[in-house]
Each structure stands twice: as C-alpha cells, then as structure tokens.
Amino acid sequence: MTGFLALEDGTVFRGQSVAAEGFAVGEAVFTTAMTGYQEIVTDPSFSDQLVCFTAPMVGNYGVADGRSESATVHARAVVMREARGPAWTDWLHERGIVALTGVDTRSLVLKLRDAGAMRAVAVTGSSSADQAVTVARAQAPMAGRPLATTVSTPVPYIYSDVGRARIAVVDYGCKRSILRRLAGAGAAVTVFPHDVASDELLRYDGVLLSNGPGDPEPLVDAIAVVRELLGRVPILGICLGHQLLGLAAGHATYKLPFGHRGANHPVVDRATSRVLVTAQNHGFAVAPSEAREATHVSLYDGTVEGLAFPSERAHSVQFHPEAGPGPHDAWPLIDRWVEGVAYAEAA
Amino acid sequence: MPRRHDLRSIALIGSGPIVIGQACEFDYAGCQALKVLREDGYRTIVVNSNPATIMTDPGFADRTYLEPLDVEGVADVLARERPDALLPTMGGQTALNLARELAQAGVLADLGVELIGAPLDVIARAEDRELFRDAVQSVGLRVPSSRIVTGIDQLAGLHTPAVVRPAFTLGGHGGGFVEGSEQLRRQVEIGLAESPIHQVLVEESVRGWDEFELEVVRDRNDNVVIVCSIENIDPMGVHTGDSVTVAPQMTLSDYAYQELRDAAAAVVRAVGVECGGSNIQFARNRDTGELRVIEMNPRVSRSSALASKATGYPIAKVAAKLAVGYTLDEIPNDLTGTTPASFEPTLDYVVVKFPRFAFEKFPGADRTLGTQMKSVGEAMGIGRTFLEAFRKAHRSRELDTG
C-alpha cells in the first residue's frame, strides 16, 4: 500500500506503508542516529512527533524486549528511506504505528533543516493530499504544548529499593535507561508523577528531573517545584529536566528551528575543554549564555548544554548521559552524581 | 591548544613502491598532510622512492627527495635537511617500520629529530604482539589467545586451527590460516623467513566471526572521535583487503555498536596514540557477543582512506594537524565549514567496497582467500540503499565485458 507524508507548507513526500493503516498527526522531525531505532521510537520525548530517520536502512537487526525505553511507542509515525522487516515492521504494525518506507528522506531532512520542524500528517492509502495538509495545519504547534503531563506515570512507583543513595526521579517522560543507569550506579530509585509536591521530594537524598517531550515553558507548576527544591536537595536535570532547572534559575528557553536529535552531537565541557560526543533529543533549548553556570556548550550552535549551580548543589545537562541509544562518553556523569549524593549523605 | 611553534620543519616519509597491500591511498594521505603542514607555515621535506607519486610532484613540498626508503637513505636526507620532526604515519607500514628503525639506530636522537604522530613506544605497543596484548588486557579487553614463536622448535602444545601472523610484514605477507600440525609447521617456517625480526604469532582462530573496523582519531586533550565503522561481509579469516566491506556497519544493535565504540576508544588510549588517526579491527561472535581485538594501526591505513572517502571526513589532514598540536575542536570541519572536527560523521547513505582480483595474471597462484591479501585493487560504490551501493561497487570492478 502506498502512503505519504504531508507537511504544513504543502509539500508531500510519497512512500509505501509497511505497518499500520491510518493516519498520524504530529510534528515532523529527523534524527541522525544510525543505530537504536527501537529505543528512539519508544522514547517518550518523541511524543506527538513523526520521526524521520536519516539512516539509510532501519530494522536490520530486528527488535528485542530489553531495548525499549518505555512500555509503548511514543512516536506517532516512522518515516524511512528503507525499512527492513519483517521483525521491525511487524513490531510497529502490532503497535498500530504508521510507518513509511521508500521516502526521499534526504530531501525531507534538507527541507526540515532549512524551514524548521513542521506540523505534518503521515497517511496510508490514497487520501487526498490537500485534505492532509489542512489537517496538518489544524494541529496546535509544538511550542506552548505541555506534553510532559501526558506521558508521566500516574502514580509513584519504586524502581529499585536498595542502594547507597535514595533518589527521587520526577517522571516527565523518563527513559528506562536513566533508571537503569541510576540503579547501576548504586541508587535506590523511586519514580514520581510530574505533579509531585516538593515536600515529597525533599525526603530523598537527591532528585533527578527526567527528560520529556514538548515545551518546558508552560510547565509552570513543575518550574515552581524545582524552584522550591533549589538549594534544599541535590538536583540533576536531564534534557527537559535541564530546561526546567534553567527556567527555575532565571534562564530563558526557546524552540530550536529543527532541534538536536542524534547520537553524534559534540559538546564542550568549558572547565576542561574536553569534547563529549553525546546523544541528544530536544526541540527546545536553554538560550546561549556566557554566564559561569553554563558549563557545557553545543559546538554546533552554542546552546547551553549544561548548567551548574554548585552552591545550590544543582546541575543539569541537555544531552543524554544515559545514552540509549548513543555513545557512552557521558555515562560517568550519572555515576559521579550518585556517588556525590551518597557521599554527602554519609558525611 | 594552538599549533606547536617549537617546530619549524617537518619531514614526511612516503610509502615507496605501489605493491599489493598498499597503494595510492598513502600518496593521497601524504599529499593532504604536506598541504596542511605548509598552510600552517612549516617547511616540509618529503622522502619517497617512488617518483610516480603525486606527493613527489614539484610544489607539494619545500624539498623533495627520491631516495631509497631505507635507514641509510633517509638518515642521509635527515642529516642534510635537519628537520625538527619526522611524521611517519602517512606512508603506511613502510614508513612506520622505517621510523622505528631510524629511532632504534639512534639516527633520530643524534640529529635531534622528534617523531610526531606516533612516538616510538606507541609504534612498539601497536606492532609488538606481546606489548599489544598487555595494553589491550589492561583495559579489560581480549586479544585472541596466542603464543609468539621465534623458532621452528617451539611448536609443541600449539593447537590448530590457528592463524600464523609474521611480525612487521605488509598485507599479512607470509601468514595464513592452518589446520593440522604439518600445515602449521610449514606456515611458521615461511612466516619466520618473511618477518624482518624473525618472529611469528600463532593465535587462536576466530575464523567465521564477524569482522568490524573502527576509524578513530584522538587529540592531546584526550578527545576521541569515531570517524567511521566498517563491517566486513566476509568474516574473520579473509583479509580485510580481500573482503567486501560496508560502511557504516549495518547489523549491530545500538548497544553492541556502542560496546565496540567504547572498546576502540579504550584501546587507542591504552596503546597511547596521543594525536592522530588509528584503525582498530575487532572480531565479534554473533551468537555470544564475545569480542576480540585483532589489531590496531597507529597510522593512516587502507581503511582510513576508505573511511575518508566514505564519510568526507579528511582523516589524513586532521591527523597531520593533530600531530602538530591542534586539538579536534580547533580544526574546522571541511564538510560544514561552521563546525569543528570533533564530531562523528553520520551517513544517510551506504558505502560498499569490493575487492578487485587479477588471478589471471598469476596462473600459478592459490586462489583461496585467507589472511594474506590477494586482491590488486578495489572499487567503491555509494548508494542510498545497500543494494544500490553493492551493485555499483560490483560493476565498477570492470570485470564484465560489454
């Protein structure tokens, strides 16, 4: 069956459908990661997005249970140059995901890079392209959408109950890799919904603000909670958590034109001049800043990739130290944080 | 860190004659290096015995010497030109071996010439099997279990199937896969004769395992970047030069690939390549996930030439800049013009390399592919899909009539 992707500017990219029938509405974005397709589509940060892979072939090594970053597929649709099945395409089909293969992803990516991420619709079958474009334009833009509230856990749960430090994770759309790395670093991990009160969190040795989808700015309650936590408990922010910490500390966030999504983003650690090759997945960012607390900077566009407030015992990174998928260069960041929290508790 | 100002002139050793196992890729690497060193204001001297190379064309270096690539010849040039440094990583194994010999003969110390790109201890750790094994094991990785043999009387207790690898030879010359004690004995005899230091390695066979290569660059700030992954369609047991290879790797999950990436960075650090490019080969068992580090070249290699062409990342150029003190974040990325060289290329296409054989020219030759390279050339295909790239490479060998 044929299918197509219609962008809000009226451009249509045609391909073949390889998974579920129907249509999917969302923001068209691209990722340059060459491996980790299963991790990517199950990452809650891809909520309400149609993910285009720049990788030439997707699906070669099948699927496996342990690789998913959450219980469900969060990407609304998957757009590929060449999908390889049947394991991968069957897996998408069973989960009701619209997936297109044979799409000229290079042109699509160049378009998104020039014009920015766009509202779009992925459609299977022979619907009208004009109608699809109208539907694409009818959806709300990503800026201003508090999506984290839609993917957070409804109730608190314990991920691992023994450890040298008791860590509370605020789930704005948390990836399993973060929980796995925390537990691996020796933390006892409890996960809380996005609207948890600060009193609850202050009972822990450290608070991790997770990654998540959407715009950080409308999450005013979450930002207020982070402000209440500042200086009272050690904080580590990752991705959306980094943006929330930035907003709580008075920095501004803005929507990047086409985002940072991939596994090859160079980030310089200002203190050491060392370059980390990082996994990234964000459409919003903390605005460039010369302030001392901006510890990490993107070598691509100067956006703030890390913040540190030593006197408040809070720091954050925009990239994904937990990888999943991506390089492990920044793994030690989580280990060192847990170690520091445990050390402070013991002292 | 800016470039080094304590160096004024730099000599570069070419790779000598074009033979099976090393070809014009080193000429390309040398030209790139000479170009950037000159741009940076260094006086350049090139020594190569092969006048059919581009690097020896007038205008590529300040001084060009067509001299035999042996200790005597190059020592003579160094004595006359008195360069501050010698860059041996662009001329393949020939140049690296020669640099080692020059250092060991005391020539470099006498003339006050510094080895840049790959210091003597790094060359030793990468080339000497025992030192390499120790370095690899020090970071928790494994090489195939093995024993060094320096005489035909030391074969007792060795098991086959095994691989015989002579030390310091080009393209695995004199080595091979052996089955049975008689074959082992014969191959060791050949290998000992071929090796300039009369040393061969008899190692655990990983024949049939998947073979991967990673191209790595590292700077003096310890920034490590993986330029490209290459997957061999022909498994371990067939020389990479004779394998059909694919870049980027297409069959490993993210976790398995990141394991390779971590291992490559760890090996580069353990061997101690401080500034330059390296190529690291791995064998991986698809069923068990077991990993063995097969070898590492602390220099521009045949695979770096492929990786350069495949990704557009100018490895030789970057390696030359790293050798004179730049760090990766200071070198502009030629592809984008706005970002630094400290990034890992990501591809939206597939690259396939196909070997070109010419057995018709060697009627007596054994056509069985093994650990010794037998192809005489290669063709590369680039396509948006694997099939497209594979077919382009296959056709480009120009073997079919009409």
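Note that this is a predicted model, so its numbers are computed, not measured.

Engineer: Just to check I follow, could you spell out the overall build of chain A for this structure?
Structural biologist: Broken down by element type, chain A carries ten helices and 17 strands. By its C-alpha atoms, chain A is 65 × 40 × 35 Å across when sized along the principal axes. For chain A, the residues scored as buried account for 63% of the 347 residues in total. Put simply, 70% of the contacts in chain A that link residues at least 6 apart link residues at least 24 apart. Across chain A, the centroid of the 28 positively charged side chains sits 3 Å from that of the 36 negatively charged ones.

Engineer: Would you mind going over the overall build of chain B with me for this structure?
Structural biologist: Looking only at helices and strands, chain B has eleven helices and 16 strands in total. For 402 residues, the compact-globule estimate of 2.2 N^0.38 gives 21 Å, and chain B sits close to it at 21 Å. The principal-axis extent of the C-alpha atoms belonging to chain B is close to 55 × 50 × 50 Å. With 402 residues in all, chain B has 62% of them scored as buried. Contacts in chain B between residues at least 24 apart in sequence constitute 67% of all its contacts with a sequence separation of at least 6. If you sum the accessible surface of chain B, you get close to 15,700 Å²; carbon and sulfur atoms cover 50% of it. Of the charged side chains in chain B, 41 are positive and 55 negative; the average position of the first set lies 2 Å away from that of the second.

Engineer: How should I be thinking about the interface of chain B and chain A in this particular structure?
Structural biologist: Where the parts come together, the accessible area they lose is often given as the size of the interface. At the interface, 33 residues of chain B touch 32 residues of chain A. Across the chain B to chain A interface the summed buried area is about 2,700 Å²; carbon plus sulfur atoms make up 53%. Three residues, Asp254, Thr346 and Arg384 of chain B, lead the burial of chain B against chain A; their summed loss comes to 22% of the area buried on that side. For the pair chain B and chain A, the interface holds three salt bridges. Close ionic contact of Arg106 of chain A with Asp348 of chain B constitutes a salt bridge, the shortest N to O distance being 2.7 Å. Counting across the chain B and chain A interface gives twelve residue pairs in polar contact (both at pLDDT 80 or more). Listing elements by their share of the side of chain B that touches chain A, those giving two or more residues are strand E11 (224–232) and helix H8 (254–271) of chain B. The class makeup of the residues in the side of chain B that touches chain A is 14 nonpolar, ten polar and nine charged.

What counts and how
Residues numbered from 1 in each chain as written. Chains lettered and ligands numbered in written order. Predicted model: local features only at pLDDT ≥ 70, side-chain atom pairs only at ≥ 80, totals over all residues. Heavy atoms only, no water. Helix = DSSP H or I, 4+ residues; strand = E, 2+ residues; numbered from the N terminus. Buried < 20%, exposed > 50% of the residue type's maximum accessible area, 1.4 Å probe, protein only. Contact = heavy atoms within 4.5 Å. Lys, Arg positive; Asp, Glu negative; His and termini not counted. Charge placed at Lys NZ, Arg CZ, Asp CG, Glu CD. Rg over C-alpha atoms; globule rule 2.2 N^0.38 Å. Areas by Shrake-Rupley, 256 points an atom, 1.4 Å probe, with all protein chains shown as cover. Buried area = accessible area lost by both parts, 1.4 Å probe. Salt bridge = Lys/Arg side-chain N within 4 Å of Asp/Glu carboxyl O. Polar contact = N/O pair within 3.5 Å; in protein donor to acceptor, adjacent residues only side chain to side chain. Nonpolar A, V, L, I, M, F, W, Y, C, P; charged D, E, K, R; others polar.

These values are about where atoms sit, not about what they do.
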